[in-house]
Amino acid sequence: MLFDRKPSPELISLHIPKTAGTSFRNILRSMYGDDQLVRFDINEKGIIRVNEMIYDKKQLPSVKVIHGHFVYEDLIKYFKLPENYTLITWVRDPVERVISNFYYLESRIKELLNEESNNLNILSKLQRTLIEYARAEINRNRQTKFLSGSRLENFDFIGICEFFDEELTRLSTVLNRKEIPQALYHNKTAMKEKLLPNDIINEIRELNTDDVHLYKEALRIRKDKIKE
């Protein structure tokens, strides 16, 4: 008697915060369909969510693509991965990523508090500066932390955010597709970096030396792949 096997993910997309995740998720959705892509997250406490709902199953979701925030080390800790799958991620200039993350969180806090409408003044009392945020250990070398448990060489594709549209062409070869839908992508925080004093930029870079090394290595791998 034959039994139909549930499909296993054929594409695992590890999304490091503030590395074009929304744009890329929309592209994956247009390629594979809403029913074959889930948002898959594992937080620092080991709580697993699928499409923002608690997930307590022992196997990965039965879809073609999982995409979300999770440390690779945690993924292999909690789940047995498929025998054949494509593993991809995106990385970004470490200084720009930290700046982007800070301003994103700042905007989200403002939205959640809605201070002006509620006549509150909480944010101004609690708010940290960019450099205070960057100095916190939890916010340092986050790209390296998300990829812990693996090596860049183990990824089938490592996209560079600064070359987003060009990278989609390269990704089409990896995924064996003639074309990948383009997405409107703006690196808005690059302008913010230009407005910051050099000492702030240099300190953020020093605070993220592991990510700087990782980013340079990813650029080298990209260069080698393009030559092939």
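Structure: above.
On a predicted model such as this, the values are computed, not experimentally measured, just so you know.

The rules behind each value
Residues numbered from 1 in each chain as written. Predicted model: local features only at pLDDT ≥ 70, side-chain atom pairs only at ≥ 80, totals over all residues. Heavy atoms only, no water. 1 Å grid on protein atoms, 1.4 Å probe; cavity = no way out; pocket = protein on both sides within 12 Å on 5 of 7 lines; lining within 4 Å. Points joined across faces, edges and corners; volume = space filled by probe spheres on them. Helix = DSSP H or I, 4+ residues; strand = E, 2+ residues; numbered from the N terminus. Nonpolar A, V, L, I, M, F, W, Y, C, P; charged D, E, K, R; others polar. Phe/Tyr/Trp six-rings, centres within 6.5 Å; stacked < 30°, edge-to-face > 60°. Lys NZ or Arg CZ within 6 Å of the ring centre and 35° of its normal. Salt bridge = Lys/Arg side-chain N within 4 Å of Asp/Glu carboxyl O. Buried < 20%, exposed > 50% of the residue type's maximum accessible area, 1.4 Å probe, protein only. Axes fitted to C-alpha atoms, helices over the stretch in contact; angles between N-to-C directions. Left-handed = near helix turned anticlockwise from the far one by under 90°. Contact = heavy atoms within 4.5 Å. Core = buried A, V, L, I, M, F, W, Y, C linked by side-chain atoms within 4.5 Å. Pairing = 2+ DSSP bridges. Polar contact = N/O pair within 3.5 Å; in protein donor to acceptor, adjacent residues only side chain to side chain.

J.: Now, about empty space enclosed by the protein: what can you tell me, with residues and values included?
T.: Scanning all chains against the criterion turns up one cavity of 30 Å³ or more. For the largest cavity, the full set of lining residues is Ser-13, Leu-14, His-15, Thr-19, Ala-20, Gly-21, Phe-24, His-67 and Trp-90. Going through the elements one at a time, β1 (11–14) and α1 (21–32) are the ones with two or more residues in the lining of the largest cavity. Along the lines of polarity and charge, the residues of the lining of the largest cavity split into four nonpolar, five polar and no charged.

J.: Residues and numbers for the packing of aromatic side chains, please.
T.: Evaluated as defined, the whole model comprises nine aromatic pairs. These aromatic residues form a ring-pair network of at least three members: Phe-24, Trp-90, Phe-157 and Phe-164. Directly above the aromatic system of Phe-163 lies the positively charged group of Arg-222, at a separation of 4.1 Å from the ring centroid.

J.: Tell me about the pattern of salt bridges, residues and numbers included.
T.: For the structure on display, the rule yields twelve salt bridges. Across the pair Arg-29 and Asp-34 runs a salt bridge, and its minimum N-O distance is 2.9 Å. The class of Asp-34 is exposed, set by a relative accessible area of 55%. Between Arg-220 and Asp-224 there is a salt bridge whose closest N-O contact spans 2.7 Å. Here the residue Arg-220 and the residue Asp-224 both occupy positions in helix α11 (residues 209–227), the gap between them amounting to four residues, near one helical turn. The exposure class assigned to Arg-220 is partly exposed, which follows from its relative accessible area of 37%. You can call Asp-224 partly exposed: its relative accessible area is 32%. It is possible to trace a salt-bridge network through shared partners that takes in Glu-166, Glu-167, Arg-170 and Arg-222.

J.: Hey, could you go over the packing of α1 against helix α8 (residues 164–174) for me, with residue numbers and the actual values?
T.: Across the interface, α1 lies against α8 with an axial gap of 13 Å and an inter-helix angle of 35°. Crossing angle aside, the handedness with which α1 passes α8 is right-handed. Residue-level inspection shows Ser-23, Phe-24 and Ile-27 of α1 in contact with α8, the latter providing Phe-164, Leu-168 and Leu-171. Residues that form the contact of α1 with α8 fall into these classes: five nonpolar, one polar and no charged.

J.: Mind laying out the nonpolar core, listing which residues take part and the relevant values?
T.: Within the largest apolar cluster, 29 residues are counted, with the highest numbers of intra-cluster contacts made by Leu-14, Phe-40, Leu-75 and Val-91. When contributions to this core are tallied by element, the ones reaching two or more residues are β1, β2 (37–42), β3 (48–50), α2 (72–78), β6 (86–91), β7 (157–160) and α11. No other element matches α11, which puts four residues into this core. If you look at the next biggest cluster of nonpolar residues, it comprises 18 residues, including Ile-88, Phe-157, Cys-161 and Leu-175.

J.: Requested: an account of the pairing of β1, with residues and values cited.
T.: Where burial is concerned, the two faces of β1 agree: the one with Leu-11 and Ser-13 and the one with Ile-12 and Leu-14 are both buried. In terms of strand pairing, β1 meets strand β5 (residues 65–68) through four bridges, oriented parallel. Opposite Leu-11, over in β5, you have Val-65 as the bridge partner. Where β1 meets β6, four bridges bridge the pair, whose relative direction is parallel. Looking at β6, one finds that Leu-11 is bridged to Thr-86.

J.: Quick one: what's the story with the side chain of Ser-172, residue by residue and with numbers?
T.: When you line up the elements, Ser-172 lands in helix α8. There is a polar contact of 2.4 Å between the side chain of Ser-172 and the backbone oxygen of Thr-169. Sequence-distant contacts of Ser-172, defined by excluding residues within four places in its chain, comprise Arg-177 and Ile-180.

J.: Lay out the sheet that holds β3 in plain terms, naming residues and giving numbers.
T.: In any sheet, the strands associate via hydrogen bonds between backbone groups, in a parallel or an antiparallel arrangement. Taken in spatial order, the seven strands make up an open sheet running β4-β3-β2-β5-β1-β6-β7, and their pairing is mixed. Edge positions in the sheet fall to β4 (53–54) and β7, since each has one partner strand and no second. Each of β1, β2, β5 and β6 is contacted by α1, which is oriented at about 170° to β5, the strand it contacts most. Lying on the sheet, α11 is in contact with β6 and β7; it crosses β7 at an angle near 110°.

From the geometry alone we can't say anything about function, so treat these as descriptive.
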